[in-house]
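So the chains spell out like this:
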Amino acid sequence: GDSVTQMEGPVTLSEEAFLTINCTYTATGYPSLFWYVQYPGEGLQLLLKATKADDKGSNKGFEATYRKETTSFHLEKGSVQVSDSAVYFCALRGFQGAQKLVFGQGTRLTINP
Amino acid sequence: NAGVTQTPKFQVLKTGQSMTLQCAQDMNHNSMYWYRQDPGMGLRLIYYSASEGTTDKGEVPNGYNVSRLNKREFSLRLESAAPSQTSVYFCASSVGIWDRGIPSTDTQYFGPGTRLTVL
């Protein structure tokens, strides 16, 4: 079945550092790919998404490119801030899987000033 | 707009007790979902309702029942709680547009969660 694998956390960086959180997936057909963010004590919020190969999703300085050849959707940000500290989830929705999302295990990111 | 709301925010149960988690959305969405979040495992789908009047099992439905009460509300019931059901529960909703049998890539909006502990 469909699955998502994220890099192990936690990840700790200094403010203004470059961020990459790796995400790879296994799915049949052409899934849609998502990054969600969960701030402490809150529910998940959509950060960005991409619906077809080579699409780039972007929001709040974060970017991710849908790479079908490597089945990846890595999250990047050029200069992180303390306010980016959160748990980040990569997810996919299969082409024929109704609207069900399959999530990765999450990566906890902490940014130190 | 309140978006997706959930009640209660916290709950402690004893093994064997029952309870219902409530979820409501005010975005006129067709589809609603219940997930559980456990440490190191991401979110897993328990049940979903593609549209009013329909419900389907997700990845981990055992021990749960759901009711799509109307378009706004989707409840999750634990008939006999077990310690393995200790988790954080999230409700979500989405527009749920289908185009010629293919689901759209509409966004799921999540509620703030219910933290449930079963002793």
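Just above, that's the structure.
These remarks concern the structure in this document. Bear in mind the structure is a predicted one, so any value in this text is a computation, not a measurement. (Residues numbered from 1 in each chain as written. Chains lettered and ligands numbered in written order. Predicted model: local features only at pLDDT ≥ 70, side-chain atom pairs only at ≥ 80, totals over all residues. Heavy atoms only, no water.)

## Quick notes on the overall build of chain A
Scanning chain A for helices and strands turns up zero helices and twelve strands. Listed N to C, the secondary structure of chain A is β-β-β-β-β-β-β-β-β-β-β-β in terms of helices and strands. Against the globule reference of 13 Å for 113 residues, chain A gives a C-alpha radius of gyration of 14 Å, in line with a compact fold. Dimensions of chain A, computed from the C-alpha atoms along their principal axes, are close to 45 × 30 × 20 Å. (Helix = DSSP H or I, 4+ residues; strand = E, 2+ residues; numbered from the N terminus. Rg over C-alpha atoms; globule rule 2.2 N^0.38 Å.)

## Let's talk about the side chain of S72 of chain A
All names here are of chain A. Considering the arrangement of structural elements, one finds S72 in the loop between β8 (62-65) and β9 (75-77). With relative accessibility at 4%, the residue S72 sits in the buried group. Looking at S72, its side chain comes within polar contact range of the side chain of T70, at 2.8 Å. (Buried < 20%, exposed > 50% of the residue type's maximum accessible area, 1.4 Å probe, protein only. Polar contact = N/O pair within 3.5 Å; in protein donor to acceptor, adjacent residues only side chain to side chain.)

## Here we look at the sheet that holds strand β7 (residues 65-68) of chain B
Residue and element names in this part refer to chain B. Here we have four strands laid out as an open sheet, ordered β1-β3-β8-β7, and antiparallel in their pairing. Each having just a single partner strand, β1 (4-7) and β7 make up the two edges of the open sheet. Adjacent strand axes in the sheet meet at a mean angle of 15°, parallel and antiparallel pairs treated alike. Sheet topology note: the strand β3 (residues 19-25)/strand β8 (residues 74-78) ladder contains three bridges and is antiparallel. What sits directly across from L21, in β8, is L76. (Pairing = 2+ DSSP bridges. Axes fitted to C-alpha atoms, helices over the stretch in contact; angles between N-to-C directions.)

## Regarding the state of the cysteines
Residues and elements named next belong to chain A. Applying the stated rule across the entire model yields two disulfides over all chains. One disulfide bridge connects C23 with C90, the sulfur atoms lying 1.9 Å from each other. Taking the sign of the S-S torsion, about -70° here, the bridge from C23 to C90 comes out left-handed. One end of the pair, C23, is in strand β4 (residues 23-26); the other, C90, is in strand β10 (residues 86-93), with 67 residues separating them in the sequence. Judged by relative accessible area, C23 falls into the buried class, the value being 1%. (Disulfide = S-S within 2.5 Å.)

## Brief notes about the environment of V4 of chain B
Residue and element names in this part refer to chain B. With respect to the secondary-structure elements, V4 resides in strand β1. Take V4: its relative accessible area is 8%, and that puts it in the buried class. Along the backbone, V4 and A92 are 88 residues apart, and their C-alpha atoms lie at a distance of 6.9 Å.

## Some remarks on the pattern of salt bridges
Two side chains carrying opposite charge are able to pair once their charged atoms lie near each other. Residue and element names in this part refer to chain A. Across all of its chains, the model carries six salt bridges over all chains by this definition. Here K77 makes a salt bridge to D84, at a shortest N to O gap of 2.8 Å. Residue class for K77 comes out buried when judged on its relative accessible area of 9%. When its relative accessible area of 6% is taken as the criterion, D84 is described as buried. (Salt bridge = Lys/Arg side-chain N within 4 Å of Asp/Glu carboxyl O.)

## Remarks on the nonpolar core
Judged by nonpolar contacts, the single largest core of 26 residues is most densely connected at W35, L47, L48, F73, L75 and Y88 of chain A. Put simply, the parts of the chain that give this core at least two residues each are β2 (11-14), β3 (19-21), β4, β5 (32-38), β6 (44-50), β8, β10 and β12 (107-112) of chain A. Among the elements that line this core, the one with the most residues is β10 of chain A, at four residues. The residues touching Y88 of chain A, leaving out its near neighbours within four places in the chain, are Q6, I21, W35, Y36, V37, L47, F62, L75, G106, T107 and L109 of chain A. Counting 20 residues, the second largest nonpolar core, distinct from the first, contains V4, W34, Y47 and V66 of chain B. (Core = buried A, V, L, I, M, F, W, Y, C linked by side-chain atoms within 4.5 Å. Contact = heavy atoms within 4.5 Å.)

## Details of the packing of aromatic side chains
Evaluated as defined, the whole model comprises twelve aromatic pairs over all chains. Taking the centre distance of 6.3 Å and the plane angle of 35° together, the rings of F34 of chain A and Y36 of chain A count as tilted. When sorted by exposure, F34 of chain A lands in the same class as Y36 of chain A, which is buried. Aromatic pair Y33 of chain B and Y48 of chain B: ring centres 6.5 Å apart, planes at 20°, arrangement stacked. On the criterion of sequence distance, the pair formed by Y33 of chain B in strand β4 (residues 31-37) and Y48 of chain B in strand β5 (residues 43-49) is long-range, its members being 15 residues apart. You can call Y33 of chain B buried: its relative accessible area is 0%. Among the aromatic residues, those joined into a ring-pair cluster are F34, Y36, F89 and F103 of chain A together with Y33, Y35, Y48 and F110 of chain B. (Phe/Tyr/Trp six-rings, centres within 6.5 Å; stacked < 30°, edge-to-face > 60°.)

Bear in mind that shape data such as this cannot, by itself, settle questions of function.
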